[in-house]
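Structure at a glance
Listed below are the residues making up each chain.
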Amino acid sequence: TMPAKAVATQQCLVCHGSYDKVAARTDKNDINPHDSHIENPDCTSCHRGHKKPVLLCDECHEFRELKVP
Ligand code: HEC
Ligand code: HEC
Ligand code: HEC
């Protein structure tokens, strides 16, 4: 069964370590989605599990090169 609400960022970090660690993995991008002026947004504001992902940044920007898995 699907979890009823969004998984908390804290639960993602149990496995993924810390925001710094995920930021290090995407540091090769010109725009790092994990290291910006938006400080540590919830993971699920972009990664949506089985739903269509969104790039939170594109509420204001248009980063065509960033594809959220
Ligand atoms: C039980 C441990 C665990 C938890 C909890 C977890 N992950 Fe992961 N995740 C992994 C593993 C293992 C991989 C595959 C290896 C890697 O890329 O680190 C992965 C891969 C990913 C990827 C890369 C997928 C791809 O297609 O490249 C994303 C994005 C991701 N996780 C996001 C999240 C988010 C967001 C959460 C919380 C909602 C989360 N994970 C919670 C273990 C976990
Ligand atoms: C602002 C949107 C956004 C947020 C918030 C976000 N991510 Fe991501 N994430 C992305 C994008 C975009 C990529 C793909 C970057 C790329 O293709 O290099 C990505 C890629 C990843 C990957 C795969 C990295 C790899 O090696 O390819 C993991 C793991 C991941 N995110 C985990 C997380 C976790 C855990 C959180 C919360 C702590 C989180 N993300 C929050 C946008 C986001
Ligand atoms: C609520 C609107 C909003 C959101 C959401 C947003 N930004 Fe921004 N961003 C701005 C504004 C406004 C500026 C300043 C533009 C300027 O001065 O030209 C800016 C500037 C930037 C810059 C250039 C300036 C700098 O700080 O180096 C980058 C890079 C950037 N944003 C990345 C991101 C990323 C990555 C995300 C998602 C994680 C994001 N933004 C989400 C509004 C937003």
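Predicted model only: the values in this text are computed from it and were never measured.

**Digging into the overall build of the protein**
On a plain count of helices and strands, the protein comes out with two helices and zero strands. C-alpha atoms of the protein, sized along the principal axes, occupy 35 × 25 × 20 Å. The proportion of buried residues among the 69 residues of the protein is 25%. Long-range pairs, those at least 24 residues apart, make up 28% of the contacts in the protein with a sequence separation of at least 6. Between the centroid of the 9 positive side chains of the protein and the centroid of its 10 negative side chains there is a distance of 10 Å.

**Here's the deal with the coordination of the iron atom of ligand 2**
At this site the iron atom of ligand 2 is bound by His34 (NE2) and His47 (NE2), with donor distances of 2.0 Å. Considering all six donor atoms around the iron atom of ligand 2, angles at the metal cover 83 to 180 degrees and the coordination shape is octahedral. In this pair, His34 sits in the segment after helix H2 (19–25) while His47 sits in the segment after H2, placing the two residues 13 residues apart along the sequence. Note on His47: relative accessible area 29%, which makes it partly exposed.

**Some details on the side chain of Ser45**
Positionally, Ser45 belongs in the segment after H2. By relative accessible area, Ser45 is classed as buried at 18%. Within the local environment of Ser45, its side chain forms a polar contact with the backbone oxygen of Asp42, the two atoms lying 2.5 Å apart. Ignoring sequence-local partners within four residues, the contact set of Ser45 consists of Val54 and Leu56.

**What about the environment of Thr44?**
Note on placement: Thr44 falls in the segment after H2. Owing to a relative accessible area of 22%, Thr44 belongs among the partly exposed residues under this scheme. For the pair formed by Thr44 and Ala8, sequence separation is 36 residues and the distance between their alpha carbons is 7.8 Å. Excluding residues that lie within four positions of it along the chain, Thr44 makes contacts with Ala6 and Val7.

**Looking at the site of ligand 1**
Taken together, Val7, Gln11, Cys12, Cys15, His16, Arg25, Cys43, His47 and Pro69 make up all the residues around ligand 1. Note that a nitrogen atom of ligand 1 is positioned 2.8 Å from one of the side-chain N or O atoms of His16. Contact distances for ligand 1 include 2.7 Å between an oxygen atom and a side-chain N or O atom of Arg25. Per-element accounting of the shell around ligand 1 gives the leading share, four residues, to helix H1 (residues 9–16). Residues belonging to the shell around ligand 1 are distributed by class as follows: five nonpolar, three polar and one charged.

Cut-off values and rules
- Residues numbered from 1 in each chain as written.
- Chains lettered and ligands numbered in written order.
- Predicted model: local features only at pLDDT ≥ 70, side-chain atom pairs only at ≥ 80, totals over all residues.
- Heavy atoms only, no water.
- Helix = DSSP H or I, 4+ residues; strand = E, 2+ residues; numbered from the N terminus.
- Buried < 20%, exposed > 50% of the residue type's maximum accessible area, 1.4 Å probe, protein only.
- Contact = heavy atoms within 4.5 Å.
- Lys, Arg positive; Asp, Glu negative; His and termini not counted.
- Charge placed at Lys NZ, Arg CZ, Asp CG, Glu CD.
- Donors = N, O, S within 2.8 Å, 3.2 Å for Na, K, Ca; no water.
- Tetrahedral: all angles 85-135°; square planar, octahedral: opposite > 155°, others 65-115°.
- Polar contact = N/O pair within 3.5 Å; in protein donor to acceptor, adjacent residues only side chain to side chain.
- Near = heavy atom within 4 Å.
- Nonpolar A, V, L, I, M, F, W, Y, C, P; charged D, E, K, R; others polar.

In short, shape yes, function no, at least from these values alone.
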